[in-house]
Amino acid sequence: MTTWLDQVKWNSDGLVPVITQEFESKQVLTLAWMNRDALALTAEQGHAIYWSRSRQKLWHKGEQSGHQQIVKSIRMDCDNDAILLEVIQKGGIACHTGRHHCFFNELQSDKWQAIEPVLKDPKDIYS
């Protein structure tokens, strides 16, 4: 029997990219990856669970920081190879750098410039 998970086009590593967007503002918060278990658990539990490529394990967003992402919707693109999560970002911080979102570097005059403030020092978040 084919399930909704079988319709996802997983890459050769068994992963799919996930764009996470804030539900109210529509701001893109981050880009992460999910494997089949992460996507199934995200749908089942209602909060974002990703696959950490560096740690090679499931990563429950906010497990250390408390900055959980409560899922409002899960969408798939027209090619079935990317997922969009719309979330409520708990604590207002989605990035491990202590910023609201991960896309804080902007190309200005051939240099990357951080244009978003650090809301909380990562040392205080992850200590």
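Keep in mind that this is a model prediction, so the values were computed, not measured.

Next up on the list: the overall build of the protein chain. In terms of regular secondary structure, the protein chain is built from 2 helices and 8 strands. Along the protein chain, helices (α) and strands (β) appear in the sequence β-β-α-β-β-β-β-β-β-α when read from the amino end. Against the 2.2 N^0.38 benchmark of 14 Å for 127 residues, the protein chain shows a C-alpha radius of gyration of 15 Å, consistent with a compact globule. On the principal axes, the C-alpha backbone points of the protein chain span a range of 50 × 35 × 30 Å. Burial statistics for the protein chain: of 127 residues in total, 35% are counted as buried. Counting contacts in the protein chain only where the partners sit at least 6 residues apart, residues at least 24 apart contribute 41% of the total. For the protein chain, the accessible area works out to roughly 7700 Å², and carbon and sulfur atoms hold 49% of it. Taking the average place of the 14 positive charges on the side chains of the protein chain and the average place of its 16 negative ones, the gap between the two points comes to 5 Å.

A full pass over the atoms with the stated rule returns 3 salt bridges. Residues joined in a network through salt bridges with shared partners are Lys26, Arg75 and Glu86.

On to the UniProt feature "binding site: Mg(2+)" (unreviewed entry) in the protein chain, then. Under the UniProt annotation, "binding site: Mg(2+)" (unreviewed entry) lies at Asp77, Asp79 and Asp81. Following the sequence through the fold, Asp77 ends up in the loop between β5 (69-76) and β6 (83-89). Considering the arrangement of structural elements, one finds Asp81 in the loop between β5 and β6. Given the relative accessible area of 33%, Asp81 is considered partly exposed. In this view, Asp81 contacts Lys9, Val16 and Pro17; residues no more than four positions away in its chain are not counted.

Backbone-to-backbone hydrogen bonds pair the strands of a sheet. The strands run either parallel or antiparallel. The mixed open sheet is built from 4 strands, whose spatial order is β2-β1-β6-β5. Edge positions in the sheet fall to β2 (28-34) and β5, since each has one partner strand and no second. Averaged over all adjacent pairs, the angle separating strand axes in this sheet is 25 degrees, with direction ignored. Note: strand β1 (residues 16-22) against β2, 6 bridges, orientation antiparallel. Among the inter-strand pairings, Thr20 is bridged to a residue of β2, identified as Thr30.

Let us now look at the nonpolar core. Ranked by internal contacts, the top residues of the largest apolar core, which has 17 residues, are Val16, Val18, Met34, Leu39, Tyr50, Ile83 and Leu85. Broken down by secondary-structure element, the contributors of at least two residues to this core are β1, β2, α1 (36-45), β3 (49-52) and β6. What Leu85 contacts, discounting residues up to four positions off in sequence, is Val18, Ile19, Thr20, Gln21, Met34, Thr42, Ala48, Tyr50, Val71, Ser73 and Ile74.

The rules behind these values
- Residues numbered from 1 in each chain as written.
- Predicted model: local features only at pLDDT ≥ 70, side-chain atom pairs only at ≥ 80, totals over all residues.
- Heavy atoms only, no water.
- Helix = DSSP H or I, 4+ residues; strand = E, 2+ residues; numbered from the N terminus.
- Rg over C-alpha atoms; globule rule 2.2 N^0.38 Å.
- Buried < 20%, exposed > 50% of the residue type's maximum accessible area, 1.4 Å probe, protein only.
- Contact = heavy atoms within 4.5 Å.
- Areas by Shrake-Rupley, 256 points an atom, 1.4 Å probe, with all protein chains shown as cover.
- Lys, Arg positive; Asp, Glu negative; His and termini not counted.
- Charge placed at Lys NZ, Arg CZ, Asp CG, Glu CD.
- Salt bridge = Lys/Arg side-chain N within 4 Å of Asp/Glu carboxyl O.
- UniProt positions renumbered as here; feature names shortened; annotations may be inferred.
- Pairing = 2+ DSSP bridges.
- Axes fitted to C-alpha atoms, helices over the stretch in contact; angles between N-to-C directions.
- Core = buried A, V, L, I, M, F, W, Y, C linked by side-chain atoms within 4.5 Å.

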